[in-house]
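The residues making up each chain are set out below.
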Amino acid sequence: MTDAAVVPKKRMSPRKRAALVRYIQYAILVLLVVVLALIADWGEIRRAFLDIDIASQLFPDVILIALKNTIVYTACGFVFGLALGLVLALMRLSSVGPYRWISTGIIELFRGLPALVVFLVLGLGLPIAFGVNLGNIPTVTLALGLVGGAYMAETIRAGIQAVPKGQYEAARTLGMTHTRAMVTIVIPQAFRIILPPLTNELILLTKDSSLIYVIGLSLDEYELTAFGRENMNAFANLTPMVTIALCYLLITVPLSIVVRRMEAKSGKAR
Amino acid sequence: MTQTETTPAAERGAAVIDVQNLHKYFGDNEVLKGIDFHIARGEVVCVIGPSGSGKSTLLRCVNLLEEPTSGTILVDGEEITDPDADVDGLRARIGMVFQQFNLFPHMTALRNLTVAQEKVLKRGKAESLEIARTNLEKVGLSDKADAYPAHLSGGQQQRVAIARALSMSPDMMLFDEPTSALDPELVGDVLAVMKDLAAEGMTMMVVTHEMSFAREVADKVVFMDGGVIVEEGLPADVLGDPQHERTKEFLARVL
Ligand SMILES: Nc1ncnc2c1ncn2[C@@H]1O[C@H](COP(=O)(O)OP(=O)(O)OP(=O)(O)O)[C@@H](O)[C@H]1O
Ligand SMILES: [Mg+2]
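Fair warning: this is a prediction, and the values are worked out from it, not measured in the lab. Along each chain, residues carry numbers from 1 onward, in the same order as the chain's sequence is written. Going through the entries in the order they are written, you letter the chains from A and number the ligands from 1. In keeping with the model being predicted, local features are shown solely for residues with a pLDDT of at least 70 and side-chain atom pairs are shown and tallied solely at 80 or more, while totals for entire chains, interfaces and linings include all residues. Side-chain metrics in this entry use all non-hydrogen atoms of the structure; hydrogen atoms and water are not considered.

Enquirer: What is the right way to read the overall build of chain A from this model?
Expert: Here a helix means four or more residues in a row that DSSP labels H or I, a strand means two or more in a row labelled E, and each is numbered from the N terminus. On a plain count of helices and strands, chain A comes out with twelve helices and zero strands. The order of α-helices and β-strands along chain A, N terminus first, is α-α-α-α-α-α-α-α-α-α-α-α. Structurally, chain A occupies a C-alpha span of about 75 × 65 × 30 Å along its principal axes. Exposed residues in this analysis have more than 50% of their type's maximum accessible area, buried residues have under 20%, and partly exposed residues fall in between, with area computed by a 1.4 Å probe over protein chains only. For chain A, with 270 residues in total, the buried portion stands at 38%.

Enquirer: How should I be thinking about the sheet that holds strand β5 (residues 78-79) of chain B in this particular structure?
Expert: Sheet strands pair by backbone hydrogen bonding; their relative direction is either parallel or antiparallel. All names here are of chain B. Only strands that DSSP links by at least two bridges are regarded as paired with each other. The antiparallel open sheet is built from four strands, whose spatial order is β2-β1-β4-β5. Strands with a single pairing partner mark the edges of an open sheet, and in this sheet they are β2 (29-40) and β5. Sheet topology note: the strand β1 (residues 15-26)/strand β4 (residues 70-75) ladder contains five bridges and is antiparallel. When the sheet's bridge partners are listed, Q20 is paired in β4 with T72.

Enquirer: I would appreciate a short explanation of the sheet that holds strand β3 (residues 44-48) of chain B in the present structure.
Expert: Residues and elements named next belong to chain B. Strand order across the open sheet formed by six strands is β6-β7-β8-β3-β9-β10, with mixed pairing between neighbours. A single partner strand is all that each edge strand has here, and the edge strands are β6 (94-97) and β10 (228-233). Between one strand axis and the next, the sheet turns through 15° on average, direction left out of account. Direction of pairing for β3 relative to strand β8 (residues 203-207): parallel, over a ladder of four bridges. Note on β8: the bridge partner recorded for V44 is M204. Here helix α5 (residues 154-166) sits on the sheet and contacts β6 and β7 (172-176); the angle it forms with β6, its principal contact strand, is near 170°. Between N-to-C directions, angles cover 0 to 180 degrees, with each direction set by a line fitted to C-alpha atoms, over the stretch in contact for helices. In what follows, a contact means two residues having at least one pair of non-hydrogen atoms within 4.5 Å.

Enquirer: Quick question: what am I supposed to make of the layout of surface pockets here?
Expert: Gaps left between atoms are located by rolling a probe of water-molecule size over the structure's atoms. All names here are of chain A. Put simply, the second largest pocket is a space of about 620 Å³. The definitions used throughout rest on a 1 Å grid laid over the protein atoms alone, on which a cavity is an enclosed set of points accommodating a 1.4 Å probe that cannot get out and a pocket is an open set flanked by protein within 12 Å on both sides along at least five of seven lines; lining residues are those having an atom within 4 Å of a point. Lining the second largest pocket we find 21 residues, and of these L93, I160, Y168, H178 and M182 sit closest to its centre. Listing elements by their share of the lining of the second largest pocket, those giving two or more residues are α8 (136-162), α9 (165-173) and α10 (178-208). For the lining of the second largest pocket, the element with the highest residue contribution is α10, accounting for six residues. A breakdown of the residues in the lining of the second largest pocket according to their chemical character gives twelve nonpolar, five polar and four charged. Grid points are joined across faces, edges and corners, and a volume is the space filled by probe spheres set on the points. The nonpolar class holds Ala, Val, Leu, Ile, Met, Phe, Trp, Tyr, Cys and Pro. Asp, Glu, Lys and Arg form the charged class, and all remaining residues, Gly among them, are polar.

Enquirer: Which parts of the structure should I look at to understand helix α2 (residues 14-39) of chain A?
Expert: Given 3.6 residues to a turn, an α-helix orients residues that are three or four positions apart in the same direction. What a helix should span is 1.5 Å times the count of its residues minus one. Between its first and last C-alpha atoms α2 of chain A spans 38 Å; for 26 residues at 1.5 Å apiece the expected length is 38 Å, and the two agree. Burial of α2 of chain A is sparse: only zero of the 26 residues sit out of reach of the surface.

Enquirer: Got a minute to help me understand the interface of chain A and chain B in this structure?
Expert: You'll often see interface size given as the accessible area lost when the parts meet. Listed per partner, the contact involves 18 residues of chain A and 21 residues of chain B. Note on definitions: buried area is the accessible-area loss of two parts on being combined, 1.4 Å probe, summed for both. The junction of chain A with chain B conceals about 1,700 Å² of combined surface from both sides, 63% of it contributed by carbon and sulfur atoms. Of all residues in chain A, E169, T173 and L174 of chain A bury the most surface against chain B, accounting for 36% of the area lost on that side. Basic side-chain nitrogens of Lys or Arg form a salt bridge, by our definition, when they fall within 4 Å of a carboxyl oxygen of Asp or Glu. Summed over the shared surface of chain A and chain B, the number is two salt bridges. Notably, a salt bridge pairs R60 of chain B with E169 of chain A, separated by 2.7 Å at the nearest N-O pair.

Enquirer: How do you make sense of the site of ligand 1 when you look at a structure like this?
Expert: All names here are of chain B. Throughout this document, a residue counts as near a molecule or strand when at least one of its heavy atoms sits within 4 Å of that molecule or strand. With respect to spatial proximity, the complete set of residues near ligand 1 consists of F26, V31, P50, S51, G52, S53, G54, K55, S56, T57 and E177. Throughout this description, a polar contact denotes any pair of N or O atoms lying within 3.5 Å of each other; where both atoms belong to protein, one of them has to be capable of donating a hydrogen while the other can accept it, and for residues adjacent in sequence the pair is counted only when both atoms sit in side chains. Within the backbone of G54, a nitrogen or oxygen atom sits 3.0 Å from an oxygen atom of ligand 1. A distance of 3.2 Å is found between an oxygen atom of ligand 1 and a side-chain nitrogen or oxygen belonging to E177. Relative to its free-state accessible area of 630 Å², ligand 1 is covered by the protein chains to the extent of 59%. It is helix α1 (residues 55-62) that contributes the most residues to the shell around ligand 1, three residues altogether. Broken down by class, the residue content of the shell around ligand 1 amounts to three nonpolar, six polar and two charged. Per-residue and other accessible areas were derived by the Shrake-Rupley procedure at a 1.4 Å probe size, with only the shown protein chains allowed to occlude residues.

Enquirer: What is the right way to read the packing of helix α4 (residues 125-138) of chain B against α5 of chain B from this model?
Expert: For any two helices packed against each other, the geometry is given by the interaxial angle and the distance between the axes. All names here are of chain B. The interhelical angle for the contact between α4 and α5, taken along N-to-C directions, is 140°, at an axis separation of 9 Å. Comparing the axis directions of α4 and α5 gives the class oblique. Crossing of α4 against α5: the hand is right-handed. Across from N135, L136 and K138 in α4, the residues of α5 making contact are V160, A163 and L166. Classifying every residue of the contact of α4 with α5 by side-chain character gives four nonpolar, one polar and one charged. Should an angle fall under 35 degrees it is called roughly parallel, over 145 degrees roughly antiparallel, and 65 to 115 degrees roughly perpendicular, with every other angle called oblique. Left-handed describes a crossing in which the near helix is turned anticlockwise from the far one by less than a right angle; the clockwise case is right-handed.

These results come straight from atomic positions and should not be treated as a statement about function.
Right under this line is the structure:
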C-alpha cells in the first residue's frame, strides 16, 4: 500500500480490461459457431434448405410475380396509409373537438388490432355483412393503410409538433392562411424529421403484406410468402422459403441502409 | 404621460397603428393592462422595458399573433380587432422580424423571400425574383441568394429575415428584439439595415434593448413596465430626462 508505484502495474487500465472482455466474448462466439457446425448435418441442411435445382425452378416467377406483388401490395398500403396518417395527424392537432375524438378513436382502434384481424374483417367480414367484395388490391390497400396509417399518424403528429412554433408564426406573419402555412412550411419540415421512422414503417408493412393470404389468392396474385409456402409444399423442401427470405432482405436491407444514412446525416446537421 | 403631439414625426401623417384601451390576459394573468398607443406614418417607435413587462405581447397583438382580450386596434383606420377583419390580408401588409429569425430552413435565402410573394400576393415568378434580389441586395447579401439558412451567420439570417419581410412590400414593420440573439460583433450590420429603413421613411415599431439605436433613430420611445405604458416621448426626454421613478430605475440598470 505504501509503495504507490506497484499499484498501477497490478491493475489493468479500463481500456485493457474492456479489450479483454471483448476477446472473451469473441472466443465464446467462435466456439459456439464451431460446435454448431460440427453437430449440424450439413448434407441434410443442403438438401432441405439449399437445393439449387429447386431454387432455379422458382425463377423467374419468384421475381416477376411474387416479389413484384409484394412490392405492389406494400406500396399501395403505404401510400394510402401515409395519406390517412397525415389526415389523422392533422385532425388530432385540430382545435375542433370532434375531429380530435374521431381521429383518436381510429388511431387507437387500428393500432390495437392485429393486422391479421383487419385483413380478415375486410377480406371476409365485409362480403358477408354487406355483400361487397373489394378485390385484392383494394383490400390490401385498405388493410395495410389502416394499420400503417394509425401508426404513421402518431409519428407525423410528433413530427409536426417538433417543428418550432416560430416557423408557423413566421408563415402566418407573411399573410399565409393556416392551411398554406401547414402545407408549405410546417409539413415539409415535419417530414424531414420523421423520414427515418416512416421508412421503418414501410419495412414493417412489407412484412405485413404477407397477411393477404387469408383472403385467398389466385396464382398470379401470390406475394412472396404465399409463393414460398405453396412451393415449399409442392417440393416438400424448404429451399423456396430460403429463396423468398432473400427476396424480403432484398427489399428491407436497402431501406434499412437508407434509414441509417438519413439518421447519420441528420445527426450531423444538428 | 407625455403626449405624442410633442413628437415631430406625428406631423408626418395620421396614425397608422392606433391601439385603444388594449387588455390581454393569459389565463388569469393580465399582461397588458389598458394600453393606449399610436404610431404615425413614417414614425419609428422604440419600445423598451424590463423583461416580462409585455413588450412582445403588445407587438404581437398589433398583427394578431396574440388575440387581444379587449380593446380596439386600428391599422390604417381599419379595425383589425373586428371579428370580420381580413387578418391574413392585414398580416401581409405588416412585416415582422423575430428575435430568433425564423427563416424557413428547408428553403434557400432567395426562396424564403419569394415563397410568400407567390403564394400570398400571387405575384409572378419573375416579379417575385426581381423584388427578392433587390431586397437581398439592400441588406447586403446578394451573394447568399442560394445559401440555406443553416449556412448563414446569425446576423446574415436576421438580415435575410428583414429582406423577407420587405419583399412583401409592407406598409410598416414590427421588430421584436431583432438583435438580442446575435453575437455582439454582428449586431451592427443588422442595426445599419434598420437605420437605412428608417431613413427611407418606413413606419417601424421596434422592441429593443439597444438604447443607442433608440436614441439615434427613434422618433418616440415608449417605456413599458408591468403591462402599462409608464412613459413615452422623444428619446432625448425619456432616455435623457425620465420623469418616472420606474423609468429611472430601469435606465440606471441598462445604461
Ligand atoms: N403564450 C403565453 N402564455 C402565457 N403567458 C405568456 C405568454 N406569452 C407571454 N406570457 C407572459 O406574459 C408576460 C409578458 O410577456 P412578454 O413576452 O410580452 O414580455 P416582454 O416584455 O417581451 O419580455 P422580454 O423582454 O423578456 O421579451 C410574461 O409574464 C409572460 O410570462
Ligand atoms: Mg419579448
